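# Remarks on the overall topology
Spelled out, the chains give:
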Amino acid sequence: MLKKFDKSCVSAGSKVILYGAAMYGELALNALEEQGIPVFAFCDRVQAGKEFCGLLVISPEELQKHKDAHVLICATKGFQGIKHYLEESGWLNYYEISDLLQYLNYGRLREYCRRLPAEELIEKYSFYVEGRRTDRLDLSFLALSITERCTLKCRKCSVLAPYYEKPCDDKLALIIDPMERLLACVDSISEMQIGGGEPFMHQQLGDILKWGLGQEKIKEISIFTNSTIIPREELLAELKDKKVKLLLDDYGGLSRNLNNIVELCDREHIRYIIQKFERWDDLGDYSRKDYTEEQLENLFRYCSFGNVMSMMKGKLYRCTTAARIADIGMIEEKPEDYVSFLEEDYDISEKREEIRSLIYDKKYHNGCRYCNGISTNKMGIPVAEQL
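Residues numbered from 1 in each chain as written. Predicted model: local features only at pLDDT ≥ 70, side-chain atom pairs only at ≥ 80, totals over all residues. Heavy atoms only, no water.

### Considerations on the environment of H365
By the secondary structure assignment, H365 is in the segment after α11 (348-361). In sequence terms H365 and D337 are 28 residues apart; their C-alpha atoms lie 6.0 Å from each other. Excluding anything up to four places from it in sequence, H365 contacts F300, Y317, A322 and D337. Polar contacts involving the side chain of H365 include one to the main-chain amide nitrogen of G367, which spans 2.9 Å. (Helix = DSSP H or I, 4+ residues; strand = E, 2+ residues; numbered from the N terminus. Contact = heavy atoms within 4.5 Å. Polar contact = N/O pair within 3.5 Å; in protein donor to acceptor, adjacent residues only side chain to side chain.)

Structure, rendered in structure tokens:
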């Protein structure tokens, strides 16, 4: 049974490390400071080597040098993978933070952390810890795919962008109409991440942003870009909205406009985060693997992509990569792998139950049979190698 963290878990001089340098890491830091508990560092494989909230971010490999530390899992989508990694590493003192979040001081939190009340933040976190059903239907994260086109040709692209023979943008109606039907069925979406391909290639990105900014149920909009395209001037009004942030990939020379985009963001007061990945996970060649049922369930349970709710071409999936494998024709798509929002006539209560089943009951995706999955303890491959 995973232990819940409280003040009694540590003593004077204990080393506390927060695994996850994102929103829940900041929330945990806030709650710990309220109780007078110092934090040694954050751990996050993506942000390793940087600072987050004034503290150093170490890598999972560096974490192994601190086996005496108390590790708090401050992640949602990657929760089960991190837990599995700590278990396999023989870690003794690691915890979930649902009880800790009761001590938040909202007055000291940044605005993006204050958009949801503590009860909802705890409920969303608890879903990833326990997978429990609630009356509410909140999506903490939704990846919205809007284009197959990309400016790069990454050999191991997780959304298979280079392998589309005739890549194209999704039509506006195929993006917005299904999203409106989805919003009618859920209570909130904490973060909607717009991606592709490269989303800044979509000529109607401005219309998509205008629509998203008008949706009260969508709390935050992020745009995942490889930093090759400087945002067009007509997008600036939407990008400057406090509800929007850019996720800027740093692939070195491949991200040829990163500095220009950062200058633009600083000048126009656009929120952004620079993401420099030290490695990518090798998802494999998408050939069929001889997994047992148990192996498939474990692969899905501990894969961080397995908890990424994704809307693509009017269908809601539990994994963007699995959706792409089917879309490109590598495997046969099965109806149990998605919830369709293509139909104009639908029953909201029935759709809510379909979404709940996809979230809570799914053991694995058909695409898992063809994938290596993503795991915290894999060595990984070089980032963004081009074809």
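Text resumes after the structure shown.
### Topic: the pairing of strand β2 (residues 16-19)
Alternating positions in β2 separate into two faces, V16 and L18 on one and I17 and Y19 on the other, with burial throughout. Strand direction decides the pairing type here: β2 and strand β6 (residues 70-73), joined by four bridges, are parallel. Bridge pairing in β6 places Y19 opposite I73. Pairing of β2 with strand β3 (residues 41-43), which is carried by three bridges, proceeds in the parallel orientation. Counted as the bridge partner of Y19 is C43 from β3. The parallel pair β2 and β3, bridged by helix α1 (residues 23-34), forms a crossover whose chirality is right-handed. (Buried < 20%, exposed > 50% of the residue type's maximum accessible area, 1.4 Å probe, protein only. Pairing = 2+ DSSP bridges. Right-handed = clockwise from strand over helix to strand, strands pointing away.)

### Examining the pattern of salt bridges
Scanning all chains against the criterion turns up 29 salt bridges. Note that K65 is salt-bridged to E62, the shortest N-O span being 3.2 Å. For K65, a relative accessible area of 62% puts it in the exposed group. Residue classification places E62 among the partly exposed residues on the basis of a relative accessible area of 29%. We note a salt bridge from R155 to E385, for which the minimum N-O separation is 2.7 Å. Here R155, found in the loop between β9 (142-145) and α5 (172-183), pairs with E385, found in the segment after α11; they are 230 residues apart in sequence, far enough to count as distant. What you see here is one network of salt bridges that share partners, running through E33, E34 and R108. (Salt bridge = Lys/Arg side-chain N within 4 Å of Asp/Glu carboxyl O.)

### Re the pairing of strand β14 (residues 271-275)
Of the pairings in the sheet, the one linking strand β13 (residues 244-249) to β14 comprises five bridges and is parallel in character. What sits directly across from L247, in β14, is I273. With respect to chirality, the unit in which β13 leads through helix α8 (residues 258-268) into the neighbouring parallel β14 is right-handed.

### So, the sheet that holds strand β5 (residues 55-58)
Spatially, seven strands are ordered β1-β7-β6-β2-β3-β5-β4 in an open sheet, and the strand pairing comes out mixed. Each edge of the open sheet is held by one strand with a lone partner, namely β1 (3-4) and β4 (51-52). Sheet strands in contact with α1 are β2, β3, β4, β5 and β6, and its direction is about 155° off that of β2. In the packing of helix α3 (residues 79-88) onto the sheet, contacts are made with β2, β6 and β7 (94-96), and the angle to β6 comes to roughly 160°. (Axes fitted to C-alpha atoms, helices over the stretch in contact; angles between N-to-C directions.)

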